[in-house]
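Residue-level structural notes
Next come the chains, spelled out residue by residue.
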Amino acid sequence: MVHWSLLIISTPVSFGVGLLVNRFHGRLTKKASNSDIQASDGIVSNFKKARYVLTPHPDWKPGQKQPHPFASDEMLGFDPAKIDKGTFYSLMISAVTPRPVAFVSTVDAKGSVNLAPYSYFNILSNNPPVLAFGATYRTPVNGGLPKKDTLANVEETGEFVINIISEWFVEAANFTAIEADRGFNELEAAGLTPVPSVHVKAPRVKESVIQFECKLKQIIPLNDSTTGQPSASIVLGEIVLVHIHKEATELSPTGKVVVDPLKVKPVCRFGGVSYGRVSELYEIPRPNRDGSFSSFTPKAVSKAHS
């Protein structure tokens, strides 16, 4: 299970810097301007309004080189078979970024609730609508079950809910990463609010404004490349119902209902214990078949987002 102490930093579409949050003492180390720190009802917040901006190179033309900013072209090679697994893990989670975070709620066969964050997560298909998350196994203790509670519950019930994490409850989400005995209710202990699902037994998290009720489609087991022993599983879930808060939606130019990322304030994972916020977004239209671009007015110019 991931440790959810946070370094709120900018994503590749953002250039701001936030706060360092100490997971043990809850101290806030100031790294933002005074204008970013606001008090509301006695609670210190570090919410920075997101906005649309122009692309980093708005004058770029097809065929124009875009070299990296480094002084040399030296590359380092890393062979997974020759590196210890802990080192390779740290390398990989810092290399493949940013990653969305799934807040997976499940129940076991007896109805006990479990809630945990997973950053090996994404949507794989819209037809059929499939989400996937990767569940690594814990190290066995005294011959105990190496699978984490989430995976064990999904195997028992064939159901789960994936909730999207937003900044306004990230500290509570952090607490659910606690290593606890099977049957411990992380949702209740973190102070989060369960709401009934429609098609699955696992509860949804009310604080999350996007919730996916899923039925298990397939579990793909993975084995340790050295020992051959089971070490992880990829869980594929077919979405049977999506819940999205009305105020987190907007209409696209073609009239389709879409999610407004400025309202959701999603949290994303970087390497180590670093997480990020989306504070700046930019739009890049896709080229036409002949390489030209249709007339396009980016949101950064067409309207102000607050």
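Our subject in this report is the structure included herewith.

About the criteria used
- Residues numbered from 1 in each chain as written.
- Predicted model: local features only at pLDDT ≥ 70, side-chain atom pairs only at ≥ 80, totals over all residues.
- Heavy atoms only, no water.
- Core = buried A, V, L, I, M, F, W, Y, C linked by side-chain atoms within 4.5 Å.
- Buried < 20%, exposed > 50% of the residue type's maximum accessible area, 1.4 Å probe, protein only.
- Helix = DSSP H or I, 4+ residues; strand = E, 2+ residues; numbered from the N terminus.
- Contact = heavy atoms within 4.5 Å.
- Salt bridge = Lys/Arg side-chain N within 4 Å of Asp/Glu carboxyl O.
- Phe/Tyr/Trp six-rings, centres within 6.5 Å; stacked < 30°, edge-to-face > 60°.
- Pairing = 2+ DSSP bridges.
- Polar contact = N/O pair within 3.5 Å; in protein donor to acceptor, adjacent residues only side chain to side chain.

What follows concerns the nonpolar core. Ranked by internal contacts, the top residues of the largest apolar core, which has 22 residues, are V104, F121, L131, F133, F160, I162 and F212. Those elements that place two or more of their residues in this core are β8 (102–107), β9 (113–118), β11 (129–136), α2 (149–157), β12 (159–164), β15 (210–223) and β16 (230–244). Other than its neighbours up to four places away in sequence, F121 contacts P100, V101, A102, L131, A132, F133, I162 and I164.

Turning to the pattern of salt bridges, a few remarks are in order. For the structure shown, the criterion picks out 7 salt bridges. One salt bridge in this structure joins E155 and K147, with 2.9 Å as the shortest N-O distance. Exposure remark for E155: the relative accessible area of 38% places this residue in the partly exposed category. Classification of K147 by relative accessible area gives partly exposed; the value is 22%.

What follows deals with the packing of aromatic side chains. The geometry of two aromatic rings is summed up by the distance between their centres and the angle between their planes. According to the stated counting rule, one finds 3 aromatic pairs in the structure shown. The interplanar angle of 35° and the centroid separation of 6.1 Å between the aromatic rings of F103 and F169 together place this pair among those described as tilted. Here the residue F103 occupies a position in strand β8, and F169 occupies one in the loop between β12 and α3 (170–175), the gap between them amounting to 66 residues. The exposure classification of F103 matches that of F169, with both residues buried. Grouping aromatic residues by their ring pairs yields a cluster made of Y118, F133 and F160.

Right, let's get into the pairing of β16. Of the strand pairs in this sheet, β11 and β16 are connected by 7 bridges, and their pairing is antiparallel. Within β16, the residue paired with V130 across the bridge is E238. Sheet analysis places β15 next to β16, joined by 13 bridges and oriented antiparallel. Looking at β16, one finds that N223 is bridged to P230. Between the antiparallel neighbours β15 and β16 lie 6 residues, among them G228 with a positive phi of about 80°.

Before going further, it helps to examine the pairing of strand β10 (residues 121–126). Examined bridge by bridge, β10 and β11 share 5 bridges and lie antiparallel to one another. Pairing of N122 across the sheet is with A132, part of β11. Counting the residues that bridge the hairpin from β10 to β11 gives 2 residues.

This next bit is on the side chain of S208. If you trace the backbone, S208 turns up in the loop between β14 (204–205) and β15. Reaching out from S208, the side chain makes a polar contact with the backbone oxygen of I164 at a distance of 2.8 Å. Among all residues touching S208, those that are not within four sequence positions of it are N163, I164 and F169.

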